[in-house]
Amino acid sequence: MHRYKAFLIVLAATAVVWFIVALTETKSYSATYLITYQGYDTSRFAIISATDSIEVSIPSSGFQTIMRNRRLRHFDVKVDIGNKLSLINDSVETISFNINTDNIQESLREQMNLDDEFRIHIVQNRLDVEVAQRRFKTFRPQLKDVNFSFASGYCLDGEPIITPDSIRLYGSKTSLERVKEICTDPASFFEISKSGSFTLSIDTSWRRYPDLYISSSTISVYLPVEACTEKKFRIPVQFVSGEEGLKARIYPEEVDVVVWIPTKDYDGVDEKQFCASVTYQNTQKENTLRVTLNQFPAKARVKSINPPQVQYVIIK
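Residues numbered from 1 in each chain as written. Predicted model: local features only at pLDDT ≥ 70, side-chain atom pairs only at ≥ 80, totals over all residues. Heavy atoms only, no water.

K.L.:
Explain the layout of surface pockets to me, and be specific about the residues and the numbers.
P.N.:
What the largest pocket holds in volume is close to 200 Å³. Val 179, Glu 181, Asp 203, Ser 205 and Trp 206 are the residues nearest the centre of the largest pocket, which is lined by 13 residues in total. Grouping the constituent residues of the lining of the largest pocket by class yields five nonpolar, two polar and six charged. (1 Å grid on protein atoms, 1.4 Å probe; cavity = no way out; pocket = protein on both sides within 12 Å on 5 of 7 lines; lining within 4 Å. Points joined across faces, edges and corners; volume = space filled by probe spheres on them. Nonpolar A, V, L, I, M, F, W, Y, C, P; charged D, E, K, R; others polar.)

Right, dumping it as structure tokens:
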């Protein structure tokens, strides 16, 4: 009995020593990881088929391999294909290409967080990818129910800049034809006193068609803002009619126009830069005509026109 126990002890000790020696020995261990393709516009392109996994062989000890496999248990390889698709013409429907695995070896080392002592061998020579380009339709985003309110003494100094100035919807021809416009969600911004960008969300009504994808779900509106000063002008009102030779008297013949002007441009704006008019239609029933400013400096923000309507008498 004692001999049997001694034999088992020697056998167990021998197995442990053998196991430790085996784990300290350096040899090539293989592992397979799933691939995630990234770096491309997923709204514009759809991957039809692609190599979905990559097999690597790494010389290391058994202990190192166990620790590495434990650390990379849920690891997947990120492969960037953006540079392959960045120059694709819009008219191209499908494209097939391959990636030489030598070109991703260093990236793979960094992703696996391996020291330089470990040499990686990728079993495959290349990764094959086939991509389809979705149909698209381009829209100019419309600002819908968006209000920008400036703080007292400040106004807009130039044209707002919308980025991006166009948005694409990608998807089937049938769904694209059903979407007529792309608008923003309603939004209000108050007490604006300095230049800056304002983010607006795109209305999601296009999502009623599940096969559609959008190039951007938001836009940015940049407003150049300056300190402003109120200035008042008295402007003559012109009478405009579609009937040739028709004449009229209007009362009053001039209106007071109050505008906000960037303080730095205050002296550069005068009444000669303004033009006010009223338009008469032969179907006109009211005895007043609304005054319209059809010419004024871009740097001026109209605050009021007084009176907003004038009376008229047709001269026959």
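Continuing now.
K.L.:
So, helix 4 (residues 105-112): which residues are in play, and what are the values?
P.N.:
Residues of helix 4 that are buried: Leu 108, Arg 109 and Met 112. For helix 4, the angular spread of buried residues about the axis comes to 100°, placing them on one side. After helix 4 finishes, the residue Asn 113 shows a positive phi value of roughly 55°. (Buried < 20%, exposed > 50% of the residue type's maximum accessible area, 1.4 Å probe, protein only. Helix = DSSP H or I, 4+ residues; strand = E, 2+ residues; numbered from the N terminus. Arc of directions from axis to C-beta.)

K.L.:
Which residues make up the sheet that holds strand 8 (residues 135-139), and what values go with them?
P.N.:
Here three strands make up an open sheet; going across it, the order is 8-12-15 and the pairing antiparallel. In this open sheet, the two edge strands, each paired with only one partner strand, are strand 8 and strand 15 (213-214). Note that strand 8 and strand 12 (residues 167-171) share five bridges and pair antiparallel. Counterpart to Thr 138 in the pairing with strand 12 is Arg 168. (Pairing = 2+ DSSP bridges.)

K.L.:
Explain the nonpolar core to me, and be specific about the residues and the numbers.
P.N.:
Core analysis: the biggest nonpolar cluster contains 27 residues, and Tyr 33, Val 79 and Met 112 have the highest contact counts within it. Of all the secondary structure elements, the ones that give two or more residues to this core are strand 1 (26-38), strand 3 (53-61), strand 4 (76-80), strand 5 (94-100), helix 4 and strand 7 (126-133). Broken down by element, this core gets its largest block of residues, four residues, from strand 1. Sequence-distant contacts of Tyr 33, that is, excluding residues within four places in its chain, are made with Asp 52, Ser 53, Ile 54, Val 56, Asn 69, Leu 72, Phe 75, Val 77 and Met 112. Formed by 21 residues, the second largest nonpolar core is a distinct cluster that contains Ile 192, Phe 198, Ile 214 and Ile 219. (Core = buried A, V, L, I, M, F, W, Y, C linked by side-chain atoms within 4.5 Å. Contact = heavy atoms within 4.5 Å.)

K.L.:
Mind laying out the packing of aromatic side chains, listing which residues take part and the relevant values?
P.N.:
The final tally for this structure, using the stated rule, is eight aromatic pairs. Ring geometry for Phe 148 versus Phe 189: centroids 5.4 Å apart, planes at 10°, classification stacked. Within this pair, whereas Phe 148 is found in strand 9 (residues 146-150), its partner Phe 189 is found in strand 13 (residues 187-192), the two being separated by 41 residues in sequence. Taking 4.9 Å as the distance between ring centres and 35° as the angle between the ring planes, the aromatic pair formed by Phe 233 and Phe 274 counts as tilted. Of this pair, Phe 233 sits in strand 17 (residues 225-241) while Phe 274 sits in the loop between strand 19 (254-262) and strand 20 (275-280); the two residues are 41 residues apart in sequence, bridging distant segments of the chain. Look at Phe 274 and you get buried, because its relative accessible area is 6%. (Phe/Tyr/Trp six-rings, centres within 6.5 Å; stacked < 30°, edge-to-face > 60°.)

Take it as geometry only, folks, not as evidence of what the structure does.
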